[in-house]
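# Per-entry structural report
Spelled out, the chains give:
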Amino acid sequence: MFAFLTGPMLWLSFAIFVIGCAWRVVKYVRGLDWQLDRVPYGYYRELAVKGALKSIFHWLTPYGSRSWRLKPLYTAAFFLLHVGLVIVPLFLFAHVMLVSERFGLSWPTLPAGLADALTVLAMAAGVFILLRRFALPEVRIITTAHDLWVMAISLAPLLTGFVAAHQSGDHSGWLLAHIVTGEIWLIAIPFTKLSHVVLFFCSRAQIGVDFGVKRGGQRGRGIVW
Amino acid sequence: MPEGIYCNKQPITTDEALKALLSDTRGKKYYEEMESLEVDREKLWSSIQKTMKSRMKTWLSVCARCGLCADSCFLYLVNDRNPEQVPSYKIHSTLGEIIKRKGDVDNAFMRHAMEVAWSQCTCCNRCAMYCPHGIDIGIMMGYLRGLLYSQGFVPWELKIGAGMHRVYRAQMDVTTEDWTETCDWMAEEQQDDWPGLEIPIDKEDADIMYTCNAREPKHYPEDLAEAAILFHIAGENWTVPSEGWEQTSLAMFAGDWEACKLQVQNVYAAIERLRPKRVIGTECGHAHRATVVEGPYWAGRPDGQPPRPYIHYVQWVAEALRTGKLKIDPTKRIKVPVTYQDSCNYVRNWGLAETAREILSYIVEPGYLREMTPNKEHNYCCGGGGGFNGIGKFRPQRNKALLTKRDQILATGAKLVISPCHNCWDAIRDLEEEYRIGIDWSFLKPLLIKMVVVPEHLKPKDDDGDA
Ligand code: SF4
Ligand code: SF4
Ligand code: SF4
């Protein structure tokens, strides 16, 4: 069981994740239509690239957009959650060790204390975002079951991983749960709203080009969309 | 009843049909018939499949339902934070629902969607700037309007408006004769005060071709005269086309994309026929959006540009002041507290926030400008955009929407609002009538004419004959 989950199943999960995400991007780009979208994608290459990068950059920078600044608490929660979900697993000592044992590749890792702190903060942020959904009428009205599932799927690997790391003895049930939930998470990415892992960049680039080339970007001022 | 006599899926294409629809006062019968208009579900679904591409699909599917767009929408704020006015909700409960049900929606649903599309969104695009995913609800509302229009679920006035464009290539029944006569008449009228002033029609290879809003020749011909006077003072070599002079597009508000194309092609044909160095549009905001920002795509121009450089009036004024073609008499500058209404259509959608401020720096005595909060690209819609101003059925909702601008203006303490956009101008006029806050409002042209320095050689010769 353990061997299967850390062997073929892990490979399969990664494959589904990578191929699925690539497929989403390909489909996105192929489905663009300059005339229906009313954006000249192919023209003004330089302005387009500038608009796209600017848009992505400002929204990936904490408090880099006006919207982020207007919602300081949500923004903090958003970035903490994403750091916990993206940065921590990539630089976690245990994960890097696994890769280096199998493939001989290795890169710097996060100090254990920091990784722990970030994981806890990310979980807290996730819970905060969930509670906010029900507390604020303007968010409650647009909340669907899908949103709750997506959050549950995302938080599960964090929780199980955290507990597993702090348990003595290996091959525990928690470690198993961590691997399973991590795999579910990877597989869910291309098929759910989690596809924003890649589609965020597509859609932000698109609106960056739209505003940057067509809607005012040519007339100078440093507007951030 | 599948389709009514007044309310149906056919676009208006003849003068008779227009007159017939107009004769139905305030669309009384039209809306009655709408209650039993049949939805062509198959057609609805097939056109979605053909026209809904990845951008909109993605926007709908990745929406994080985070609600960051809520506060960005003035309609949400002014309607006491009613959750049903959250941009994401507005689109998911209408367009999103149609898609989820693969077009299987009924009459009542379509009428509800019509109300949302035309009375809960002015397509001001403000929410797009506040969404982490860059989801532009205004654009999606425009798309929804197109679907509703094709099924006959469109407010009466906009069905007429789109029909006007189809029949007259203008938002009102102004014919080529009406237009050229108005030009001649206005030029003649100004002759005493402005000797030599002309409104040249169909002059080829001029520096400027001027286009306007059909409301000007129809209801405010002085606006055309004022444009002529300012070009005259600035010494511009300009012209107006006899055909293709109308720059607005009620068809865009209606979601009648075919009429949009017909309309804008007419203007582009004039440009190609007269070969001006560039084209200058009037102060109207949505006219600019229609003909310059969106129009090239309707007409199928892959570079997204009209056939010649096409600028907004604000750009011309700023340039004329900067280069000294127009000089302002400093003693005549505005010396009352004044504020400026940024039109969504050329500020958020054309980047003219600073250009407008440049003009203000010439015409307002330092210390008298009171900026609204928020302003520039972050301004709120006047409350009447996207066709909202013109729809009788939604007048109560529109009047409520005006409160945002009213309060913004009141907070500045300004007595005068400069509002180049015609539509904003209307909204501000209406809000003054509705709520009496004691303000004046003005386009740029009349203000400029009052304070511009007239070169000696353009002044009328003295009657005594000694000049
Ligand atoms: S801000 Fe954007 S992602 Fe968030 S709910 Fe609104 S439309 Fe959806
Ligand atoms: S486009 Fe403007 S009016 Fe429409 S939902 Fe967005 S912010 Fe509100
Ligand atoms: S009327 Fe003016 S402010 Fe309102 S949407 Fe149109 S351009 Fe914007």
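Residues numbered from 1 in each chain as written. Chains lettered and ligands numbered in written order. Predicted model: local features only at pLDDT ≥ 70, side-chain atom pairs only at ≥ 80, totals over all residues. Heavy atoms only, no water.

Attention now moves to the overall build of chain B. For chain B, the count of helices and strands is 22 helices and seven strands. Here chain B has a C-alpha radius of gyration of 23 Å; the compact-globule value for 467 residues is 23 Å, and the two agree. Projected onto its principal axes, the C-alpha positions of chain B cover 80 × 45 × 40 Å. Evaluated residue by residue, chain B yields a buried proportion of 64% over its 467 residues. Counting only contacts in chain B whose residues sit at least 6 apart along the sequence, the fraction spanning at least 24 positions is 81%. Surface summary for chain B: the accessible area is close to 16700 Å², and the carbon and sulfur share equals 50%. Side chains of chain B give 57 positive and 66 negative charges; the mean places of these two sets differ by 8 Å. (Helix = DSSP H or I, 4+ residues; strand = E, 2+ residues; numbered from the N terminus. Rg over C-alpha atoms; globule rule 2.2 N^0.38 Å. Buried < 20%, exposed > 50% of the residue type's maximum accessible area, 1.4 Å probe, protein only. Contact = heavy atoms within 4.5 Å. Areas by Shrake-Rupley, 256 points an atom, 1.4 Å probe, with all protein chains shown as cover. Lys, Arg positive; Asp, Glu negative; His and termini not counted. Charge placed at Lys NZ, Arg CZ, Asp CG, Glu CD.)

With 55 residues of chain B at the contact, the number on the chain A side is 52 residues. Together chain B and chain A conceal approximately 4600 Å² of surface at their shared face, both sides included; 58% is due to carbon and sulfur atoms. For chain B, the biggest contributors to the area lost against chain A are Arg 55, Arg 65 and Tyr 297 of chain B; these three give 17% of the whole. Taking the shortest distance from any N to any O, the salt bridge between Asp 37 of chain A and Arg 55 of chain B comes out at 3.6 Å. The tally of links from chain B across to chain A stands at 23 residue pairs in polar contact (both at pLDDT 80 or more). In terms of residue class, the side of chain B that touches chain A is built from 25 nonpolar, 15 polar and 15 charged. (Buried area = accessible area lost by both parts, 1.4 Å probe. Salt bridge = Lys/Arg side-chain N within 4 Å of Asp/Glu carboxyl O. Polar contact = N/O pair within 3.5 Å; in protein donor to acceptor, adjacent residues only side chain to side chain. Nonpolar A, V, L, I, M, F, W, Y, C, P; charged D, E, K, R; others polar.)

The local shell around ligand 2 consists of Cys 73, Pro 87, Cys 121, Thr 122, Cys 123, Cys 124, Asn 125, Cys 127 and Gly 138 of chain B. Tallied by class, the residues present in the shell around ligand 2 amount to six nonpolar, three polar and no charged. (Near = heavy atom within 4 Å.)

This next bit is on the nonpolar core. If you look at the biggest cluster of nonpolar residues, it comprises 161 residues, and the most contacted ones within it are Tyr 210, Trp 316 and Ile 363 of chain B. Considering every element that reaches this core, the biggest residue donor is helix H9 (residues 137-150) of chain B, with nine residues. Ranked by size, the runner-up nonpolar core spans 31 residues in total, among them Met 123 and Phe 200 of chain A together with Val 62 and Cys 66 of chain B. (Core = buried A, V, L, I, M, F, W, Y, C linked by side-chain atoms within 4.5 Å.)

All right, on to the packing of helix H4 (residues 45-60) of chain A against helix H12 (residues 196-214) of chain A then. Residue and element names in this part refer to chain A. Contact pair H4 / H12: the axes reach a minimum separation of 7 Å and the direction vectors enclose 125°. By the angle between their directions, the pair H4 and H12 is classed as oblique. The handedness of the crossing between H4 and H12 is right-handed. For the pair H4 and H12, contact is made by Leu 47, Ala 48, Gly 51, Ala 52, Ser 55, Ile 56, Trp 59 and Leu 60 and by Phe 200, Phe 201, Arg 204, Ala 205, Ile 207, Gly 208, Val 209, Gly 212 and Val 213, respectively. Looking at the contact of H4 with H12 residue by residue, the classes come out as twelve nonpolar, four polar and one charged. (Axes fitted to C-alpha atoms, helices over the stretch in contact; angles between N-to-C directions. Parallel < 35°, antiparallel > 145°, perpendicular 65-115°, else oblique. Left-handed = near helix turned anticlockwise from the far one by under 90°.)

A separate point is the sheet that holds strand S4 (residues 310-311) of chain B. Residue and element names in this part refer to chain B. Strand order in this open sheet of four strands is S2-S1-S3-S4, and the pairing throughout is parallel. Bordering the open sheet on either side are strand S2 (238-239) and S4, each of which pairs with just one other strand. Relative to S4, strand S3 (residues 278-281) runs parallel, the two sharing two bridges. The residue of S4 that forms the bridge with Ile 280 is Ile 311. Packing of helix H15 (residues 257-274) onto the sheet brings it into contact with strand S1 (208-211), S2, S3 and S4, and relative to S1 it is tilted by some 160°. (Pairing = 2+ DSSP bridges.)

Moving on, we come to the packing of aromatic side chains. Tallied over the full model, the rule gives 20 aromatic pairs over all chains. Seen from their ring centres, Trp 11 of chain A and Phe 103 of chain A are 5.9 Å apart, and the 85° between their planes marks the pair as edge-to-face. Of this pair, Trp 11 of chain A sits in helix H2 (residues 8-30) while Phe 103 of chain A sits in helix H7 (residues 93-103), and the two are 92 residues apart along the sequence. Judged by its relative accessible area of 49%, Phe 103 of chain A falls in the partly exposed class. Taken together, the ring pairs in this structure connect Tyr 210, Phe 231, Trp 238, Tyr 313 and Trp 316 of chain B into an aromatic cluster. Stacked on the ring of Tyr 31 of chain B, the Lys or Arg Lys 393 of chain B has its end atom at 4.5 Å from the ring centre. The ring of Tyr 313 of chain B carries Lys 445 of chain B above its face, with NZ or CZ at 4.6 Å from the centroid. (Phe/Tyr/Trp six-rings, centres within 6.5 Å; stacked < 30°, edge-to-face > 60°. Lys NZ or Arg CZ within 6 Å of the ring centre and 35° of its normal.)

Let us now look at the confidence of the model for chain B. Chain-level statistics for chain B give a pLDDT mean of 96 and a share of 99% at 70 or above. The ipTM value of the predicted complex is 0.95, and its pTM value is 0.96. (pLDDT = per-residue confidence, 0-100.)

What follows covers a nonpolar patch on the surface. Together, Trp 11, Val 86, Ile 87, Leu 90, Phe 91, Phe 103, Leu 105 and Trp 107 of chain A make up an exposed nonpolar region whose accessible area comes to about 770 Å². For the nonpolar patch, the element with the most residues is helix H6 (residues 72-91) of chain A, which contributes four residues. (Patch = residues over 30% accessible without salt bridge, like charges linked within 9 Å, V, L, I, M, F, W, Y side chains within 5 Å.)

Consecutive residues of a regular strand have side chains that alternate between opposite faces of the sheet. Side chains Arg 278 and Ile 280 of chain B of S3 of chain B all project onto a buried face; the interleaved residues Val 279 and Gly 281 of chain B project onto the opposite face, where all are buried too. Read from S3 of chain B through helix H16 (residues 285-298) of chain B to S4 of chain B, the crossover connection turns out right-handed. (Right-handed = clockwise from strand over helix to strand, strands pointing away.)

The next subject is the pattern of salt bridges. Applying the stated rule across the entire model yields 41 salt bridges over all chains. One salt bridge in this structure joins Asp 210 of chain A and Arg 215 of chain A, with 2.9 Å as the shortest N-O distance. Summarising the burial analysis for this pair, Asp 210 of chain A and Arg 215 of chain A share the class buried. Within this structure, Arg 215, Arg 395, Arg 398, Asp 426, Arg 429 and Asp 430 of chain B form a network of salt bridges that share partners.

Here the focus is the sheet that holds strand S5 (residues 338-340) of chain B. All names here are of chain B. Spatial ordering of the open sheet is given by S5-S6-S7, a layout of three strands whose pairing is parallel. The open sheet is flanked by S5 and strand S7 (440-442), the only strands paired with a single partner. Shown here is a sheet whose adjacent strand axes are inclined to one another by a mean of 25°, direction ignored.

On to a negative patch on the surface, then. Residues and elements named next belong to chain B. On the surface, a cluster of negative charge is made up of Glu 177, Asp 178, Glu 181, Asp 184, Glu 188, Glu 189, Glu 222 and Glu 243. Residue contributions to the negative patch peak at six residues, all from helix H11 (residues 176-190). Assignment of secondary structure puts Asp 184 in helix H11.

Before going further, it helps to spend a moment on the site of ligand 3. Residue and element names in this part refer to chain B. Surrounding ligand 3, one finds Gln 341, Ser 343, Cys 344, Asn 345, Cys 381, Cys 382, Gly 385, Cys 421, Asn 423 and Cys 424. Secondary-structure elements contributing two or more residues to the shell around ligand 3 are helix H18 (344-347) and helix H21 (422-435). Counted by class, the shell around ligand 3 contains five nonpolar, five polar and no charged residues.

Moving on, we come to the side chain of Ser 249 of chain B. Structurally, Ser 249 of chain B can be placed in the loop between S2 and helix H14 (250-254). With sequence-adjacent residues up to four places away left out, Ser 249 of chain B is seen in contact with His 165, Cys 260, His 286, Ala 290 and Trp 298 of chain B.

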